[in-house]
Amino acid sequence: MADIEKNVTEEVTEVTEAKADKATEKKDAKEAKAAEKAAAKKNKVPLGKRIKKALKEFKAEFKKIVWSSRRSTFSNTVLVVVIMIVVAVVIGLVDTGFSELLSWIASLY
């Protein structure tokens, strides 16, 4: 009987210690997260400075843009319109062909 009580007491002690270890680990994890948040908050750049930096970067990138000439833009526009017309005609012909094919198949029944 004493052995059983001793074993039960040891098991209860082990479980209690395990729970205490888990609680300590959780507490340490929470403290680490809080420390990380505090460090991130401390290193955070104010909104005004971030906006100013973003606008400077935008201006620098905008200066790098190479604009096409009027002639190039016009010729590319004409090319796009012509290709659109050709594709529209091809799609119309294919649609008409399929419509006729389905009409012919329907007339067989």
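Residues numbered from 1 in each chain as written. Predicted model: local features only at pLDDT ≥ 70, side-chain atom pairs only at ≥ 80, totals over all residues. Heavy atoms only, no water.

J.: Looking at this model, I keep getting lost on a positive patch on the surface. Mind explaining?
T.: Residues Lys19, Lys22, Lys26 and Lys30 make up a contiguous surface patch of positive charge. Tracing the backbone through its elements, the reader meets Lys19 in helix 1 (residues 2-43). The class of Lys19 is exposed, set by a relative accessible area of 59%. (Patch = residues over 30% accessible without salt bridge, like charges linked within 9 Å, V, L, I, M, F, W, Y side chains within 5 Å. Areas by Shrake-Rupley, 256 points an atom, 1.4 Å probe, with all protein chains shown as cover. Salt bridge = Lys/Arg side-chain N within 4 Å of Asp/Glu carboxyl O. Lys, Arg positive; Asp, Glu negative; His and termini not counted. Charge placed at Lys NZ, Arg CZ, Asp CG, Glu CD. Helix = DSSP H or I, 4+ residues; strand = E, 2+ residues; numbered from the N terminus. Buried < 20%, exposed > 50% of the residue type's maximum accessible area, 1.4 Å probe, protein only.)

J.: Would you mind going over helix 2 (residues 47-63) with me for this structure?
T.: It helps to recall that an α-helix has 3.6 residues per turn; residues three or four apart then point in one direction. In a regular helix each residue adds 1.5 Å, so 17 residues correspond to 24 Å; helix 2 covers 25 Å between its end C-alpha atoms and thus fits that length. The buried fraction of helix 2 is low, at zero of 17 residues. (Expected span 1.5 Å × (residues − 1).)

J.: Would you mind showing me how to read the pattern of salt bridges here?
T.: Between side chains of opposite charge, pairing is possible as soon as their charged atoms come close. One pass over the structure, following the stated rule, counts one salt bridge. Its salt-bridge partner being Lys64, residue Glu61 comes within 3.3 Å of it at the nearest N-O pair. Under the relative-accessibility criterion, Glu61 is labelled partly exposed at 48%. With relative accessibility at 56%, the residue Lys64 sits in the exposed group.

J.: When you look at the packing of aromatic side chains in this model, what are you seeing that I'm missing?
T.: For any pair of aromatic rings, the description rests on two quantities: the centre-to-centre distance and the angle between the ring planes. With the rule as written, the count across this model stands at two aromatic pairs. Measuring from centroid to centroid gives 6.0 Å for Phe58 and Phe62, while their planes differ by 25°, and the two rings are stacked. A residue pair is termed a helical-turn pair when its members lie 3 or 4 positions apart in one helix, as Phe58 and Phe62 do in helix 2 at four residues. Its relative accessible area of 55% is what places Phe58 among the exposed residues. Arranged with centres 6.4 Å apart and planes meeting at 70°, the rings of Phe62 and Trp67 form a pair that is edge-to-face. The class of Trp67 is exposed, set by a relative accessible area of 65%. Through a chain of ring-to-ring contacts, three or more aromatic side chains come together here, namely Phe58, Phe62 and Trp67. (Phe/Tyr/Trp six-rings, centres within 6.5 Å; stacked < 30°, edge-to-face > 60°.)

By themselves, these observations are geometric and do not establish any function.
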